[in-house]
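Fold and geometry: a report
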Amino acid sequence: MNKIFVVGASIAGPVVCYWLKKAGYAPTLVEKNDGLRKGGYAVDIRGIAVDVVKKMGVLEAIAEQRMSIQLSRHVDTEGHTLRQEEPETAGFRLGEDVEISRGDLVQIFMDLIPDVPCHFSQSITQLDQQKEGVEVTFSDGSIEHYDLVVGADGLHSKTRRLVFLESDYTKVDLGACISVANIPNFLKLRHEEILFEAHNKSIHYVSDKDPNLAQVRFMLRSDKSSIRRVEE
Ligand SMILES: Cc1cc2nc3c(=O)[nH]c(=O)nc-3n(C[C@H](O)[C@H](O)[C@H](O)COP(=O)(O)OP(=O)(O)OC[C@H]3O[C@@H](n4cnc5c(N)ncnc54)[C@H](O)[C@@H]3O)c2cc1C
């Protein structure tokens, strides 16, 4: 077994490729976006993830690019501070745990695998298990054969949908919807985050290193019936 196909170039995909390369395999990545998804929110590297990035030799690079939020405030509808916290306490971070922007993390992992081919603007439409490996049909109609396919294409994995019936697995609905976007830093915050919560809804606004840019996250409780997801 040698040719391995990995779907999704975000966090899991490049990490899987790194370890596959180290074990002597020849992975190929495919990503449906037209480039790396640089956006996104802060993620915490904590616990076992710290051990993994240490073994990959990138803990230092991650620490260099870590978020540097200095103040975390809960505000009311008028923007008055209700409570103020140390960001490390607010994020429950301990010891070597480190918070980094998702896009920066993806770039660090991709930099580790410059020789792994990554095909952008490409998706999969069919996976056909054969006696010797898997026949993969791509969105542009081309067909390739691989020894193994790894789905690293996220929460709504197309790989999973192509391989399994919905009755084969259980998705746990946590009853929450979340949406994150980059916006201009109109509140002119610097290394600061603010949180507002009311009626089972919350808004989080953060601006860190780039003074012109902020990330905003909307979160609300919702039952499944009111959620409409756009399938590819
Ligand atoms: C607000 C927020 C905060 C978070 N905070 C944390 C945190 O603090 N700590 C933490 O560990 N996690 C956190 N997470 C979760 C974290 O972002 C995810 O666990 C992580 O991104 C999952 O990585 P992944 O590589 O498995 O999937 P994803 O990041 O979802 O990436 C999947 C990739 O596959 C691509 N793709 C999808 N379908 C196809 C297809 N058909 N063909 C080709 N490519 C495809 C996508 O474009 C994407 O690039 C947070 C998430 C959110 C939304």
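Nothing here was measured: the structure is a model prediction, and the numbers come from that model.

Basis of the calculations
- Residues numbered from 1 in each chain as written.
- Predicted model: local features only at pLDDT ≥ 70, side-chain atom pairs only at ≥ 80, totals over all residues.
- Heavy atoms only, no water.
- Near = heavy atom within 4 Å.
- Polar contact = N/O pair within 3.5 Å; in protein donor to acceptor, adjacent residues only side chain to side chain.
- Areas by Shrake-Rupley, 256 points an atom, 1.4 Å probe, with all protein chains shown as cover.
- Helix = DSSP H or I, 4+ residues; strand = E, 2+ residues; numbered from the N terminus.
- Nonpolar A, V, L, I, M, F, W, Y, C, P; charged D, E, K, R; others polar.
- Domains from an automatic or database assignment.
- Contact = heavy atoms within 4.5 Å.
- Salt bridge = Lys/Arg side-chain N within 4 Å of Asp/Glu carboxyl O.
- Buried < 20%, exposed > 50% of the residue type's maximum accessible area, 1.4 Å probe, protein only.
- Buried area = accessible area lost by both parts, 1.4 Å probe.

1. Regarding the site of the ligand
Around the ligand lies a shell of 24 residues, among which Ser10, Ala12, Glu31, Arg37 and Asp44 are the nearest. Between alanine 12 and the ligand, the recorded distance is 2.8 Å, taken from a backbone N or O atom to an oxygen atom. Expressed as a share of its isolated accessible area of 990 Å², the protein-covered part of the ligand is 68%. Those elements that provide at least two residues to the shell around the ligand are β3 (42-45) and β12 (176-184). When residues in the shell around the ligand are grouped by element, the largest group, three residues, is from β3. Here the residues of the shell around the ligand sort into 10 nonpolar, five polar and nine charged. A domain-level breakdown of the shell around the ligand finds at least three residues from each of domain 1 (3-59 + 104-168) and domain 2 (68-99 + 172-226).

2. Examining the side chain of histidine 191
In this fold, histidine 191 is placed in the loop between β12 and β13 (192-198). A polar contact of 3.0 Å, which involves the side chain of histidine 191, links it to the side chain of aspartate 208. Once residues lying within four places of it in the same chain are set aside, the contact partners of histidine 191 are Ser68, Ile69, Gln70, Leu71, Ser207, Asp208 and Lys209.

3. Regarding the pattern of salt bridges
Scanning the entire structure with this criterion turns up eight salt bridges. Of the charged contacts, one joins glutamate 31 and arginine 37 as a salt bridge, the two residues approaching to 3.9 Å between their closest N and O atoms. You can call glutamate 31 buried: its relative accessible area is 6%. Overall, arginine 37 belongs to the partly exposed group, its relative accessible area being 39%. Connected via shared salt-bridge partners are Asp44, Arg46 and Asp97.

4. What about the environment of valine 150?
Its location among the elements puts valine 150 in strand β11 (residues 148-151). For the pair valine 150 and isoleucine 4, spaced 146 residues apart in sequence, the C-alpha to C-alpha distance is 7.5 Å. In contact with valine 150, other than residues within four places in its own chain, are Ile4, Phe5, Val6, Val7 and Val16.

5. Side note on the domain arrangement of the chain
The assigned domain composition of the chain is domain 1 (3-59 + 104-168) and domain 2 (68-99 + 172-226). Domain 1 and domain 2 are separated by 29 Å when their C-alpha centres are compared. Between domain 1 and domain 2, the contact holds 12 residues from the first and 14 residues from the second. For the domain 1 face of the interface with domain 2, the top three residues by lost area are Tyr41, Asp44 and Arg46, together amounting to 52%. The interface formed by domain 1 and domain 2 contains two salt bridges. For the salt bridge of lysine 54 with glutamate 96, the shortest nitrogen-to-oxygen distance reads 2.9 Å. Mapped by element, the contributors of at least two residues to the side of domain 1 that touches domain 2 are β3 and α2 (48-55). For the side of domain 1 that touches domain 2, the leading source of residues is β3, giving four residues. The class makeup of the residues in the side of domain 1 that touches domain 2 is six nonpolar, three polar and three charged.

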